[in-house]
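# Geometric and topological summary
Now for the letters of each chain:
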Amino acid sequence: MPRFNIDAVMKALAEHFDRVKTPIVDLIQVQTKDPFKVLVATILSARTKDETTAKASAALFAEVSGPEDLAKISAARLNSLIGQVGFHNEKTKHLKQLPAVLRERFGGRVPSEIDELLELPGVGRKTANLVRAVAFSLPAICVDVHVHRISNRWGYVNTKTPFDTEMALRKALPERYWLTYNSHVVAFGQNLCTPRKPRCSECPVFKYCARAGVENFA
Ligand code: SF4
């Protein structure tokens, strides 16, 4: 097997990304260029399939276009608009708290620093990094289940938790790839390097991949 080559892998993933459906949070950034909507869609997307997040985001943004609307909408109405997403009761609670925190702590604007984003209700490291990278184009590495799984399968990192993966990638990954790493790896993880039975026989980065922990593949 050739040595792992991050430039070759990123090139192959960028080409793959251009051929498949864009992840929902990137799509919302392209469509709206609005950090508030990117933040809300990212909160909705946790533990939820992209198609479901897309439907819920469209329903919500038809009635809510900014923090003021979110403050005004009733919790019951909000919960019914996002009712298909995972953990919608919890997300409704966090979204209802969001406008006040944005107003009191950040002058009504979505902040771009990780530490500040982490102060927002319902925002953990994954969401904070994704919002910083996607909405503000600032260097950040969002590690979700796809990024954690695939970076380890490649043998690029050898870590047990998403937090350790983020720290390892911060050291190993050239900064020119930080902004796109999540989007390109997520699209790859949704289509080819899936959690169960990855499609290794048609994988464009097969020759670089250690397939660490992969026992069953197509
Ligand atoms: S070879 Fe298989 S395990 Fe490795 S990246 Fe490709 S699909 Fe994933």
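Attention in this report is confined to the structure presented alongside it. Think of each chain on its own: its residues are numbered from 1, step by step along the sequence as written. The predicted nature of this model means local features are confined to residues of pLDDT at least 70 and side-chain atom pairs, given and counted, to a pLDDT of 80 or more, with totals for whole chains, interfaces and linings taken over all residues. The basis for every side-chain value is the complete set of non-hydrogen atoms in the structure, without hydrogens or water.

## Quick look at the environment of Ile150
- Strands are runs of DSSP state E lasting at least 2 residues, helices are runs of H or I lasting at least 4, and numbering of each runs from the N terminus. In this fold, Ile150 is placed in helix 10 (residues 145–154).
- Once the C-alpha coordinates of Ile150 and Thr161 are considered, the two residues, 11 residues apart in sequence, prove to be 13 Å apart.
- We call two residues in contact when some of their heavy atoms are within 4.5 Å. When residues no more than four places from it in sequence are discounted, the contact partners of Ile150 are Val185, Phe188, Gly189 and Cys193.

## Remarks on the side chain of His146
- By the secondary structure assignment, His146 is in helix 10.
- His146 sits in the buried class, given a relative accessible area of 13%.
- Among the polar contacts listed, one links the side chain of His146 to the side chain of Arg149, at a separation of 3.0 Å.
- When near neighbours in sequence (up to four residues on either side) are disregarded, His146 contacts Val185, Val186, Gly189 and Gln190. Buried, partly exposed and exposed residues are distinguished by accessible area as a fraction of the type maximum, computed with a 1.4 Å probe on protein chains only: under 20%, between the cut-offs, and over 50%, respectively. Polar contact is defined as a pair of N or O atoms within 3.5 Å, subject to the rule that within protein one atom must be able to donate a hydrogen and the other to accept it, and that residues adjacent in sequence are counted only when both atoms are side-chain atoms.

## Considerations on the nonpolar core
- Think of a nonpolar core as a cluster: buried Ala, Val, Leu, Ile, Met, Phe, Trp, Tyr and Cys residues, connected wherever their side-chain atoms sit within 4.5 Å. Ranked by internal contacts, the top residues of the largest apolar core, which has 36 residues, are Leu60, Leu95, Leu98 and Leu120.
- Where this core is concerned, the elements lending two or more residues are helix 2 (24–32), helix 3 (35–45), helix 4 (50–61), helix 6 (75–81), helix 7 (88–106), helix 8 (114–117) and helix 9 (125–136).
- The leading source of residues in this core is helix 3, at 7 residues.
- Contacts of Leu120, omitting those with residues within four sequence positions, involve Leu39, Leu98, Val101, Leu102, Phe106 and Pro111.
- Grouped together as the second largest cluster of nonpolar side chains are 25 residues, Ile6, Leu13, Cys193 and Cys203 included.

## Focus: empty space enclosed by the protein
- A cavity, in this analysis, means grid points on a 1 Å lattice covering only the protein atoms where a 1.4 Å probe fits yet has no way out; a pocket is instead an open set bounded by protein on both sides within 12 Å along at least five of seven lines, and a residue lines either one if it has an atom within 4 Å of a point. Grid points are joined across faces, edges and corners, and a volume is the space filled by probe spheres set on the points. Under the counting rule described, the total for this entry stands at 2 cavities of 30 Å³ or more.
- Its boundaries defined by the atoms lining it, the largest cavity holds a volume of some 100 Å³.
- What lines the largest cavity is a set of 14 residues, among which Cys193, Cys200, Cys203, Cys209 and Arg211 lie closest to the centre.
- When grouped by side-chain class, the residues that make up the lining of the largest cavity number 11 nonpolar, no polar and 3 charged.
- Lining the second largest cavity are Leu130, Ala133, Ala140, Ile141, Cys142, Trp178, Leu179, Tyr181 and Asn182.
- Within the residue set of the lining of the second largest cavity, elements represented by two or more residues are helix 9 and helix 12 (178–191).
- It is helix 12 that provides the largest number of residues to the lining of the second largest cavity, a total of 4 residues.
- As a working rule, the residues Ala, Val, Leu, Ile, Met, Phe, Trp, Tyr, Cys and Pro are called nonpolar, Asp, Glu, Lys and Arg charged, and the rest polar, with Gly in that last group. Of the residues that constitute the lining of the second largest cavity, the class distribution is 8 nonpolar, 1 polar and no charged.

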